[in-house]
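Listed below, chain by chain, are the residues.
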Amino acid sequence: MIALESVSKRFGSKTIVHDLTFNVERGEIVGFLGPNGAGKTTTMRIIAGFTTASSGRVTVAGYDMATHNEQAARKIGYLPEHPPLYDTLEVTQYLRFVARAKGVPRSQFGSELDRVATACRLETVLEREIYKLSKGYRQRLGLAQALLGKPEVLLLDEPTAGLDPGQIQETREVIRSFGEQHAVLLSTHILPEVTLICRRVAIIHRGRLLAIDSPSGLQRASEQTNRVTLTATAPAEALRAELLPIAGVIAVAINDVPGDARVLNVECQTDAREGVEAAIARAVARRWDLHRLERQQPTLENVFLRYVSQAPSEAGAQ
Amino acid sequence: MNGVLAVYRKELLTYFRSPIAYFVLAVFLLGTGYFFSYNMFMSGSASMTETFRNMGILLLTVSPLVSMRLFSAEYSGRTMELLTTLPLEPWEIVLGKFLGAVTILLLMTAGTLIDLVPLYLFGNPQTTTIVAGYIGFVLLGMACLAVGQFFSALTHNQIVAALITVPVLLSFWFIGYLQNFQASYALRSLLGYLSFALHFADFVQGLIRSEAVIFFLIVSAIALTLNASYLQWRR
């Protein structure tokens, strides 16, 4: 439904988006993950047709955004980073304007407004002026606007920003239910959100796509180096000499436990081979007291940080 | 056309849900009422000629207050992102907004009709001259609003939009008076042709000249076309 082919965006001499290529299919929710300023919003704007790409091709629902953005716009529901609301209007007036502009037939206005108001829990504020709404309601009204007209493609730029935990939960449910029949691209910097609702994750940093895969796929890919942490009562140098020769151990870091001079915290970098932690446990327990040993699964957070920290730094980028 | 209608209705709602429309209408009607009674008592004749001249100048200063928010407010309210990504062509946005502003202009015009009551009650005015004057007034207003709307698209700041529009409109108004300083015939006719004031003067005299009608329509069309192309280019 959404296809980007080596899309770049330059503002003057600064390149904000480098050569992005990825697809979002119908029935999947793709999370767009990256630190602030990574180029998420710019990419969203290019797909939505607010700005055009400097080079490359964007197609939405089969329409090329460069030549047929009018037809594509009918298929897109877009929630920008800042909900685009007319403060002086009432909620219903605003939704009617968007429905009319999207070409929703007049006879369906009532049912469409009811549908999005229910999905976004706006029933109680329909007659209220928009400037009187709280931040959570504004965000949900922005989402409601995007859902009007049953678009096939949903672009949501940080849809849960500014919501309280309960509202976040509800909004995720709305997005998840939409993702079953639509193509959803959702940008966020909240990691758990991605694991909860996205089928695939695209990690973007400094305008470059670093990885795109399912959350578990990303975790597997980064398991080439694992971490094993253990706590033991042992002399530091002897312990290091014992651990380093074990096949699979790459590096060992030893830290004192505050308040107890004889107990050490040890962090071993290992490769992905089977049985490394068992070999470490045997080696330590043979000579000293082993209190705890744990193999650390990489969380998505670690995966993300690893990708971001390994990214080639851009010459001249800020 | 649906898109034009959607934008048009949104604009009208916005005008009347904020104080701008009421304020502009009040200022304009107050000013016109003052000029009307002043002219009536000064000349003692049942005619709108002088009042139309004053209304023309008043319109130049008041119309930017109507047009300044058309695009600037969309930029500063961050709603331009919605407007651009909705299935609306640039010309639909431009036309919808323009028609919204013209509706305010028509309301302003309708409000001045009250001046005609004493005119017809106590005098014997020339109806054709008055009709011509009103047609000229609306055409002049359309040109002013189209120019103001274009400048509004160039800046995020409504005040800046108005501050650019007023001097531009005033120059178009007074440019005709430069004729007296030009020796060259071509330059004189060019200055005369560009003048809002000279074209408007025809209507005030009771003349509906097709050249003057076309002039104001062309000015509006050029400004609106520039406006739509600018929106297209901005993407």
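Residues numbered from 1 in each chain as written. Chains lettered and ligands numbered in written order. Predicted model: local features only at pLDDT ≥ 70, side-chain atom pairs only at ≥ 80, totals over all residues.

1. Thoughts on the overall build of chain A
Here is step 1 of the chain: Tallying secondary structure elements over chain A gives 11 helices and 14 strands in all.
Here is step 2 of the chain: Against the 2.2 N^0.38 benchmark of 20 Å for 318 residues, chain A shows a C-alpha radius of gyration of 25 Å, more extended than a compact globule.
Here is step 3 of the chain: Contacts in chain A between residues at least 24 apart in sequence constitute 68% of all its contacts with a sequence separation of at least 6. (Helix = DSSP H or I, 4+ residues; strand = E, 2+ residues; numbered from the N terminus. Rg over C-alpha atoms; globule rule 2.2 N^0.38 Å. Contact = placed C-beta atoms within 7 Å.)

2. What to know about the sheet that holds strand β5 (residues 63-64) of chain A
Residue and element names in this part refer to chain A.
Here is step 1 of the chain: The four strands lie next to each other as β2-β1-β4-β5, forming an open sheet whose pairing is antiparallel. The sheet is open, and its two edges are formed by β2 (14-24) and β5, each paired on a single side.
Here is step 2 of the chain: Pairing geometry for strand β1 (residues 2-11) and β2, over seven bridges, is antiparallel. Note on β2: the bridge partner recorded for arginine 10 is threonine 15. (Pairing = 2+ DSSP bridges.)

3. Here we look at the nonpolar core
One recurring pattern in soluble globular proteins is that nonpolar side chains are buried together.
Here is step 1 of the chain: Core analysis: the biggest nonpolar cluster contains 133 residues, and Ala144, Leu155 and Val184 of chain A together with Ala143 and Ala146 of chain B have the highest contact counts within it.
Here is step 2 of the chain: The element that contributes the greatest number of residues to this core is helix α8 (residues 127-152) of chain B, accounting for 13 residues.
Here is step 3 of the chain: Other than its neighbours up to four places away in sequence, alanine 146 of chain B contacts Phe98, Val219, Ser220, Ala223 and Leu224 of chain B.
Here is step 4 of the chain: Ala232, Val252, Leu264 and Cys268 of chain A belong to the second-largest nonpolar core, a separate cluster that totals 13 residues. (Core = buried A, V, L, I, M, F, W, Y, C linked by C-beta atoms within 7 Å. Buried ≥ 20, exposed ≤ 12 C-beta atoms within 10 Å, placed from the backbone.)

4. With respect to the interface of chain B and chain A
Here is step 1 of the chain: Contacts between chain B and chain A engage 21 residues on the former and 25 residues on the latter.
Here is step 2 of the chain: Among the elements of the structure, α1 (2-16) and α5 (80-85) of chain B are those that each provide at least two residues to the side of chain B that touches chain A.

5. Remarks on the sheet that holds strand β7 (residues 153-157) of chain A
Residue and element names in this part refer to chain A.
Here is step 1 of the chain: Strand order in the open sheet made by the six strands is β6-β7-β8-β3-β9-β10, with mixed pairing throughout. The two strands at the open ends of the sheet, each matched to only one other strand, are β6 (76-79) and β10 (208-213). The sheet shows a mean angle of 15 degrees between the axes of neighbouring strands, taken without regard to direction.
Here is step 2 of the chain: Packed on one face of the sheet, helix α5 (residues 135-147) meets β6 and β7 and runs near 170 degrees to β6.
Here is step 3 of the chain: The strands touched by helix α6 (residues 165-179) within the sheet are β3 (29-33), β7 and β8 (183-188), with β8 carrying the most contacts at an inclination of about 145 degrees. (Axes fitted to C-alpha atoms, helices over the stretch in contact; angles between N-to-C directions.)

6. A word on the confidence of the model for chain B
Here is step 1 of the chain: Considering every residue of chain B, the mean pLDDT works out to 92; 100% of them sit at 70 or more.
Here is step 2 of the chain: For this predicted complex, the interface confidence reaches an ipTM of 0.90, while the overall pTM sits at 0.84. (pLDDT = per-residue confidence, 0-100.)

7. Let's talk about helix α2 (residues 19-43) of chain B
Residue and element names in this part refer to chain B.
Here is step 1 of the chain: Across its 25 residues, α2 extends 36 Å between first and last C-alpha, which sits within 8% of the 36 Å expected from 1.5 Å per residue.
Here is step 2 of the chain: Buried positions along α2 lie against α1, α3 (49-67) and α6 (90-112).
Here is step 3 of the chain: Downstream of α2 by one or two residues, glycine 44 has phi in the positive range, about 70 degrees. (Expected span 1.5 Å × (residues − 1).)

8. Topic: helix α4 (residues 69-76) of chain B
Residues and elements named next belong to chain B.
Here is step 1 of the chain: With six of eight residues buried, α4 is to be regarded as a mostly interior element.
Here is step 2 of the chain: In this structure, the buried side of α4 is in contact with α2, α3, α5, α6, α8 and α9 (158-174).
Here is step 3 of the chain: Once α4 ends, the next one or two residues include arginine 78, with phi positive near 60 degrees.

9. Here we look at the environment of glycine 166 of chain A
Residue and element names in this part refer to chain A.
Here is step 1 of the chain: Along the polypeptide, glycine 166 turns up in helix α6.
Here is step 2 of the chain: Taking the C-beta count within 10 Å as the criterion, glycine 166 has 9 such neighbours and is therefore assigned exposed.
Here is step 3 of the chain: Separated by 113 residues in sequence, glycine 166 and alanine 53 place their C-alpha atoms 37 Å apart.

10. What about the domain arrangement of chain A?
Here is step 1 of the chain: Along its sequence, chain A is organised into domain 1 (2-214) and domain 2 (221-297).
Here is step 2 of the chain: Summarising the inter-unit geometry, the C-alpha centres of domain 1 of chain A and domain 2 of chain A are found 46 Å apart. (Domains from an automatic or database assignment.)

11. Here we look at the confidence of the model for chain A
Residue and element names in this part refer to chain A.
Here is step 1 of the chain: Taken over all residues, the pLDDT of chain A has a mean of 86, while the share at 70 or more is 94%.
Here is step 2 of the chain: The spread of mean pLDDT over the elements of chain A runs between helix α11 (residues 300-310), the lowest at 73, and helix α3 (residues 91-101), the highest at 95.
Here is step 3 of the chain: Predicted confidence is poor over residues 314-318, with pLDDT under 50, and the contacts of this stretch with residues over four places away or in other chains come to two contacts.

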